[in-house]
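Coordinate analysis (summary)
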Amino acid sequence: MDALHLLFNAVTVIFIAVTMFAAGLATPLPALRAILTDFPLLLLALLANLVLLPLLGWGLATLFALPAAGFIALVLIASSPGGPFGAKLSMVQKGDVVAGTAMQVLLAAVGSLTFGPTSTAVLTMAEIGQGVSLDVAALVRTVAVLQLVPFAVGLVVRHYAPPAALSWHPAADVVSNVTFMMVLAGMLLGSWRDLAALLGSGALLAGFVLAVAAFAAGTLLSTGSPPRRTTMGGIASVRNVGPPLAAVGIAFNDERAVLGALAAVLVSGLAAVLPIAAVLGRRREEDTG
């Protein structure tokens, strides 16, 4: 079991790093600069991901009357923006990959700073759990090593050696796709008992609704073309699992019930948004074909 856990962690790290590296290889520097200086888009994305979604998670947890473990898991997920699966969803839906990747990296970096205070405030006001106290510096280092550095390396290669970037990108994309499927399978196989135990709790449905609502909120609170807007929706719908896992380990002593609820929320959220991205991608492929 320990060996399988280590293997899953290793594949997850490879998926995150290679996905961000592939995104960097596909990102022209001028296009990235244009996204990061689009202040209306940035403000709307920050509003949706850092304010609206944590409040939405709190509201849904209350609406579905989730038990403490499910309540905590939903709030932790809702408070953690910038999941690397968001970059993959941008590719799946054939959206604005440059804008999506830039926004995902920015949200991951900002979210590593805001996650602790936000989740603590919500759980305290809801009188659930015992608060969250996290090593912010450790979260920032994790985001930097797994997401910012690979993206920056790919970006540098694309800027200074475009032929190399174009030749490496297909292979990196294949590795990203294969490891993505392995991570998804690992989440399902590794948490099926916990998922089965939570079938009657409402945690699965709450996670599903949160992801759909986040997709809608991210799309509406955006600017630009329809592909860019739905890309922002995909970025909002996929939350960053790293900080919540750290919170469970540090603040809740790896409580199994919270871990199981966390897996339930994550898997049901992916089950909600992957079909949306796939349908959008198929339609766009048909339109361009």
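For the structure itself, look to the data block above.
Let me sum up the structure you'll find in this document.

Here is what the cut-offs are and how they apply
Residues numbered from 1 in each chain as written. Predicted model: local features only at pLDDT ≥ 70, side-chain atom pairs only at ≥ 80, totals over all residues. Heavy atoms only, no water. Helix = DSSP H or I, 4+ residues; strand = E, 2+ residues; numbered from the N terminus. Buried < 20%, exposed > 50% of the residue type's maximum accessible area, 1.4 Å probe, protein only. Core = buried A, V, L, I, M, F, W, Y, C linked by side-chain atoms within 4.5 Å. Salt bridge = Lys/Arg side-chain N within 4 Å of Asp/Glu carboxyl O. Contact = heavy atoms within 4.5 Å. Axes fitted to C-alpha atoms, helices over the stretch in contact; angles between N-to-C directions. Parallel < 35°, antiparallel > 145°, perpendicular 65-115°, else oblique. Left-handed = near helix turned anticlockwise from the far one by under 90°. Nonpolar A, V, L, I, M, F, W, Y, C, P; charged D, E, K, R; others polar. Phe/Tyr/Trp six-rings, centres within 6.5 Å; stacked < 30°, edge-to-face > 60°.

1. Here we look at unusual backbone geometry
Even without glycine at this site, Lys94 takes up a positive phi of about 55 degrees. Here Lys94 shows up in the loop between α5 (85-92) and α6 (97-125). Judged by its relative accessible area of 41%, Lys94 is partly exposed. The phi dihedral of Glu127 is positive, around 55 degrees, even though this residue is not glycine.

2. Points about the nonpolar core
Among the nonpolar cores identified, the biggest contains 27 residues, and Phe71, Ile72, Leu74, Leu76 and Leu123 are the most heavily contacted of them. Those elements giving two or more residues to this core turn out to be α3 (39-63), α4 (68-78), α6, α10 (203-220), α12 (242-251) and α13 (256-288). Top element by residues in this core is α4. It accounts for 9 residues. Membership of the second largest hydrophobic core comes to 19 residues, among which are Leu42, Ala45, Ala99 and Ala102.

3. Side note on the pattern of salt bridges
For the coordinates displayed, the defined rule picks out 2 salt bridges. Between Asp38 and Arg228 there is a salt bridge whose closest N-O contact spans 3.7 Å. Placement of Asp38 in the loop between α2 (29-36) and α3 and of Arg228 in helix α11 (residues 226-237) is noted, with a sequence separation of 190 residues between them. Under the relative-accessibility criterion, Arg228 is labelled buried at 18%. Among the salt bridges present, the one from Arg228 reaches Asp96, with a minimum N-O distance of 3.0 Å.

4. Some words on the side chain of Asn240
Following the sequence through the fold, Asn240 ends up in the loop between α11 and α12. Setting aside its immediate chain neighbours within four residues, Asn240 contacts Ser80, Pro81, Gly82, Gly83, Pro84, Ala108, Val143 and Gln147.

5. Examining the packing of α2 against α6
In the contact formed by α2 and α6, the axes pass within 9 Å of each other and the chain directions differ by 60 degrees. For the element pair α2 / α6, the angle class is oblique. The chirality of how α2 crosses α6 is right-handed. Residue-level contacts link Ala31, Leu32, Ile35 and Leu36 of α2 to Val98, Ala99 and Ala102 of α6. Each residue belonging to the contact of α2 with α6 can be placed in one class, and the counts come to 7 nonpolar, no polar and no charged.

6. Section: the packing of α3 against α6
At a minimum axis separation of 10 Å, α3 and α6 run at an interaxial angle of 30 degrees. By the criterion of interaxial angle, the relationship of α3 to α6 is roughly parallel. Here α3 runs over α6; the crossing is right-handed. Note on element contacts: α6 touches α3 through Met103, Leu106, Leu107, Val110, Thr114, Thr118, Val122 and Met125, opposite Leu41, Leu42, Ala45, Leu46, Asn49, Leu50, Pro54 and Trp58. Each residue belonging to the contact of α3 with α6 can be placed in one class, and the counts come to 13 nonpolar, 3 polar and no charged.

7. Side note on the environment of Phe71
Of note, Phe71 is situated in helix α4. In contact with Phe71, not counting residues within four places along its chain, are Trp58, Ala61, Thr62, Leu66, Leu123, Ala126 and Ile128.

8. A look at the packing of aromatic side chains
Enumeration over the complete set of coordinates arrives at 1 aromatic pair. Both rings, one in Phe15 and one in Phe85, keep their centres 4.9 Å apart while their planes meet at 35 degrees; by these two values the pair is tilted. Of this pair, Phe15 sits in helix α1 (residues 2-25) while Phe85 sits in helix α5; the two residues are 70 residues apart in sequence, bridging distant segments of the chain. For the pair Phe15 and Phe85, a shared accessibility class is recorded, and that class is buried.

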